[in-house]
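Given next are the chains, with one letter for each unit.
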Amino acid sequence: MKNPIRLFLILLVGSIPLVEAQEQRAEVLLDEVSESLAQFDNISISFTYELVNRKELIQQKEKGSLIIEGDTYLLELMGIKQLSDGTNKHTINPENEEILIESLSEDFDEGLSPSKIFSFYKKGYRFKWDITQPLYGGRKIQYIKLIPIDSYAQATYLLLGIDTKTKRIYKLIEVGNDGTETTLTISSFKTNIQFPKNTFVFSASDYPNYYIDKF
């Protein structure tokens, strides 16, 4: 009978090149996504946001929109508007008539901030080549599994779904340590759109009756 320990070592050593090849393959695809997106002056997307926690019996699904231009962005989701002019982030809540203004310093970590939604994966993760999902029209979505290097990260892992033809992100799934799954699915993707000049400018005069809290 073969030595089981020797057999295990052979399998382990033999699998290392395969793992490295998969990581390199995933990194190449991610680099192609970055190169594809870097050519646009701005990006406008419509998306579906879904949060599911089966343990707590929570399920929430909403539609939203996001405009990105450099470090500035305008996000609208669940009735709340979030605007960043590159210096400050303004969270505007019409229901409560409140506005929260936070400074974005150079060392400020927003995590998966809207302005970084297409580039967050460049650091802090290990890559794994995952499943391929066929879609209508002959499209294929290749998933890359992103595992946080930081052991204290709130996410266990993320799945980034990439359209292999357009080299654009189609879906982002985040699985939290508490079992919560958050899914962002892009339904519309437009680029180099003409926006009003004040799109990313916050003016307190537009909200005369709002309470403004600044950190």
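Residues numbered from 1 in each chain as written. Predicted model: local features only at pLDDT ≥ 70, side-chain atom pairs only at ≥ 80, totals over all residues. Heavy atoms only, no water.

**Q** Mind showing me how you'd approach the nonpolar core here?
**A** One broad trend across soluble globular proteins is that nonpolar side chains are buried collectively. Phe118, Ile144, Leu146 and Leu160 are the most contacted members of the largest nonpolar core, which totals 34 residues. In this structure Leu146 touches Leu30, Phe120, Tyr121, Tyr125, Arg126, Phe127, Tyr157, Leu158 and Leu160, once residues within four positions along its chain are discounted. If you look at the next biggest cluster of nonpolar residues, it comprises 10 residues, including Ile67, Leu74, Ile101 and Phe200. (Core = buried A, V, L, I, M, F, W, Y, C linked by side-chain atoms within 4.5 Å. Buried < 20%, exposed > 50% of the residue type's maximum accessible area, 1.4 Å probe, protein only. Contact = heavy atoms within 4.5 Å.)

**Q** Would you mind going over unusual backbone geometry with me for this structure?
**A** One can expect most non-glycine residues to show negative phi and most peptide bonds to be in trans. Despite not being glycine, Leu57 has its phi angle at roughly 55 degrees, a positive value. Assignment of secondary structure puts Leu57 in the loop between β1 (43-53) and β2 (58-69). Taking relative accessible area as the criterion, Leu57 reaches 77% and is therefore assigned exposed. Phi is positive for Lys167, which is not a glycine, with a value near 60 degrees. Examined against the element boundaries, Lys167 turns out to sit in the loop between β9 (155-163) and β10 (168-176). (Helix = DSSP H or I, 4+ residues; strand = E, 2+ residues; numbered from the N terminus.)

**Q** I keep staring at the pairing of β2 and nothing clicks. Help me out?
**A** The two faces of a sheet get side chains in turn, since along a regular strand they alternate between them. Taken together, the 11 bridges between β1 and β2 define a ladder with antiparallel strand orientation. Along β2, the bridge assignment pairs Phe47 with Gly64. Across 6 bridges, β2 lies against strand β3 (residues 72-77) in antiparallel orientation. For Glu69, the partnering residue across the bridge sits in β3 and is Thr72. Linking β2 back to β3 in an antiparallel pair, the connection comprises 2 residues, with Gly70 at a positive phi of about 65 degrees. (Pairing = 2+ DSSP bridges.)

**Q** I keep staring at the pattern of salt bridges and nothing clicks. Help me out?
**A** Side-chain pairing between opposite charges can occur once the charged atoms of the two side chains come close. According to the stated counting rule, one finds 4 salt bridges in the structure shown. Salt-bridge contacts for Arg54 lead to Glu181; the nearest nitrogen and oxygen are separated by 3.3 Å. Taken together, the residues span a long stretch of sequence, with Arg54 in the loop between β1 and β2 and Glu181 in strand β11 (residues 181-191) at a distance of 127 residues. Across the salt bridge formed by Asp163 and Arg139, the nearest N and O atoms sit 2.9 Å from each other. Remark: Arg139 occurs in the loop between β7 (125-134) and β8 (140-148) and Asp163 occurs in strand β9; sequence separation between them is 24 residues. (Salt bridge = Lys/Arg side-chain N within 4 Å of Asp/Glu carboxyl O.)

**Q** What am I meant to see in the side chain of Asn42 here?
**A** As for its placement among the helices and strands, Asn42 is situated in the loop between α1 (4-38) and β1. With relative accessibility at 4%, the residue Asn42 sits in the buried group. Here the side chain of Asn42 touches Glu69 through a polar contact of 3.1 Å, side chain to side chain. At 2.7 Å, the side chain of Asn42 and the backbone nitrogen of Ile193 are in polar contact. Excluding anything up to four places from it in sequence, Asn42 contacts Ile68, Glu69, Lys190, Thr191, Asn192, Ile193 and Phe195. (Polar contact = N/O pair within 3.5 Å; in protein donor to acceptor, adjacent residues only side chain to side chain.)

**Q** What exactly am I supposed to notice about the confidence of the model for the protein here?
**A** Predicted coordinates in regions of low pLDDT should not be interpreted in detail. On average, residues of the protein carry a pLDDT of 85, and 87% of them reach 70 or more. Note that residues 8-12 has pLDDT below 50 and, in this model, 0 contacts with residues that lie over four places away or in other chains. (pLDDT = per-residue confidence, 0-100.)

**Q** How should I be thinking about a negative patch on the surface in this particular structure?
**A** A cluster of like negative charges, contributed by Glu23, Glu27, Asp31 and Glu35, occupies part of the molecular surface. Counting through the fold element by element, Glu35 comes out in helix α1. With a relative accessible area of 58%, Glu35 lands in the exposed category. (Patch = residues over 30% accessible without salt bridge, like charges linked within 9 Å, V, L, I, M, F, W, Y side chains within 5 Å. Areas by Shrake-Rupley, 256 points an atom, 1.4 Å probe, with all protein chains shown as cover. Lys, Arg positive; Asp, Glu negative; His and termini not counted. Charge placed at Lys NZ, Arg CZ, Asp CG, Glu CD.)

**Q** Quick question: what am I supposed to make of the sheet that holds strand β5 (residues 88-93) here?
**A** Note: strands within a sheet are paired through backbone hydrogen bonds, in either parallel or antiparallel orientation. As summarised here, the arrangement of the 12 strands in space is β7-β8-β9-β10-β11-β1-β2-β3-β4-β5-β6-β12, forming an open sheet in which the pairing is mixed. Each end of this open sheet is capped by a strand with a single partner; those strands are β7 and β12 (211-214). In this sheet, neighbouring strand axes are inclined to one another by 20 degrees on average, regardless of whether the strands run parallel or antiparallel. Of the strand pairs in this sheet, strand β6 (residues 98-103) and β12 are connected by 4 bridges, and their pairing is parallel. Note that in β12 the partner of Leu100 across the bridge is Asp213. (Axes fitted to C-alpha atoms, helices over the stretch in contact; angles between N-to-C directions.)

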